[in-house]
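Remarks on the overall topology
Chain by chain, the residues run as shown.
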Amino acid sequence: MVMYRYRGVTALVTGASKGLGAAYAHELARRGAHLVLVARSGDALRRVADEIREAHQVDVHPVTADLTAPDGVTGLIAELDRRGHTVDLLVNNAGAGAVGPFLSSSLQRNVSSVELNVTALMSLTHVLGGRMAERGHGGIINVASTAAFQSMPYQASYAATKAFVLSFTESLAEELRGTGVRVMGAHPGATATGFFDGTTATMNPAFIDAPEGVAVKTLDAFARGAVNSYPGRAVNRVASWVPRVLPRTTVTRLTGQLNRRLGLHRAHDLG
Ligand SMILES: NC(=O)c1ccc[n+]([C@@H]2O[C@H](COP(=O)([O-])OP(=O)(O)OC[C@H]3O[C@@H](n4cnc5c(N)ncnc54)[C@H](OP(=O)(O)O)[C@@H]3O)[C@@H](O)[C@H]2O)c1
């Protein structure tokens, strides 16, 4: 497959105000892509945009949007059209998840993570992917997780949303194979971001990857034409095979044990 060239394309990155999204934005700019950056926090988004403009000769357009609001995605599309932006590469990165025992976690946090990780991702893919298909070229990177490959007690709905992203992305990649529109899922493992902010949960420091390295590996894999990318440490990819060989119940017991060891069975939202 021909290497994807980032120089001169316009990439839209959701969840670009911090964490992995900001790292994707910086790395895309380093590779010469112009950017549309989307998140709810306008100030943080503008700070990321200013940093990128200082470091790279690319256009950067921050657009504030809440992708879980009823008109979040349609409003964003209308704003893109009003500003005349054509999106060549969509990076569906914005994501969130409830943590802790499902029945004692906030239903609202669970539901809004489904709206963000599933509904908004699918809606943006439908509209912007449709336009790419009409033009005969484009790219979509959907950020899932290593959580996509097995059920995860104490992150039950989060892992389920990421399983959706994995399945949806692989199907779409096959439907669009040969059309000029590339589709890839990225499956980072634990990454040093604010993902658990607002909860009591913490990540095991021995197994955390840096977002900058995850961004580099994701974009390299997409350029090569991969359908799935494992941009974290090598063991993540090996771990994604375990659920394919062990019985599902065994795997769920193991992930439950692991998450209990990390204290996620006691985790809850702060405030
Ligand atoms: N960190 C990890 O260990 C890890 C591992 C595997 C996969 N991932 C995935 O990587 C992606 C990025 O996560 P992260 O770790 O970088 O998390 P993060 O630091 O919490 O960043 C999440 C981003 O999403 C944006 N966002 C949240 N709700 C939004 C909404 N309703 N509308 C628009 N934007 C919204 C946030 O900005 P605002 O708050 O300003 O809206 C922020 O920019 C997610 O899909 C996550 O599931 C993370």
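Now for a description of the structure that goes with this document. (Residues numbered from 1 in each chain as written. Predicted model: local features only at pLDDT ≥ 70, side-chain atom pairs only at ≥ 80, totals over all residues. Heavy atoms only, no water.)

**A word on the overall build of the chain**
Tallying secondary structure elements over the chain gives nine helices and seven strands in all. Computed over its C-alpha atoms, the radius of gyration of the chain comes to 18 Å, within 12% of the 18 Å expected for a compact globule of 271 residues. Overall size of the chain, expressed as C-alpha extent along the three principal axes, is 50 × 40 × 35 Å. Sorting the 271 residues of the chain into buried and exposed places 51% on the buried side. Carbon together with sulfur atoms contributes 55% to the accessible area of the chain, which is approximately 12,900 Å² in total. The average position of the 27 basic charges and that of the 21 acidic charges among the side chains of the chain differ by 8 Å. (Helix = DSSP H or I, 4+ residues; strand = E, 2+ residues; numbered from the N terminus. Rg over C-alpha atoms; globule rule 2.2 N^0.38 Å. Buried < 20%, exposed > 50% of the residue type's maximum accessible area, 1.4 Å probe, protein only. Areas by Shrake-Rupley, 256 points an atom, 1.4 Å probe, with all protein chains shown as cover. Lys, Arg positive; Asp, Glu negative; His and termini not counted. Charge placed at Lys NZ, Arg CZ, Asp CG, Glu CD.)

**Some words on the packing of helix H4 (residues 107–135) against helix H5 (residues 156–175)**
Contact geometry of H4 with H5 gives a least axis separation of 9 Å together with a crossing angle of 10°. On the basis of their axis angle, the class for H4 and H5 is roughly parallel. Contacts between H4 and H5 involve Asn110, Ser113, Val114, Asn117, Val118, Leu121, Met122 and Thr125 on the former and, on the latter, Ser157, Tyr158, Thr161, Lys162, Phe164, Val165, Phe168 and Leu172. Of the residues assigned to the contact of H4 with H5, the class counts are nine nonpolar, six polar and one charged. (Axes fitted to C-alpha atoms, helices over the stretch in contact; angles between N-to-C directions. Parallel < 35°, antiparallel > 145°, perpendicular 65-115°, else oblique. Contact = heavy atoms within 4.5 Å. Nonpolar A, V, L, I, M, F, W, Y, C, P; charged D, E, K, R; others polar.)

**Focus on the sheet that holds strand S4 (residues 89–92)**
Read across the open sheet, the seven strands follow the order S3-S2-S1-S4-S5-S6-S7; overall the sheet is parallel. Each of the sheet's edge strands pairs with one partner strand only, and the pair in question is strand S3 (60–64) and strand S7 (228–229). For strand S1 (residues 10–14) and strand S2 (residues 34–39), the ladder comprises five bridges, and the chain directions are parallel. Directly across from Val13, in S2, lies its bridge partner Leu37. (Pairing = 2+ DSSP bridges.)

**What about a nonpolar patch on the surface?**
Taken together, Phe102, Leu103, Leu107 and Val111 make up a surface patch of nonpolar side chains, about 440 Å² in accessible area. With respect to the secondary-structure elements, Leu107 resides in helix H4. The exposure class of Leu107 is exposed, given its relative accessible area of 58%. (Patch = residues over 30% accessible without salt bridge, like charges linked within 9 Å, V, L, I, M, F, W, Y side chains within 5 Å. Salt bridge = Lys/Arg side-chain N within 4 Å of Asp/Glu carboxyl O.)

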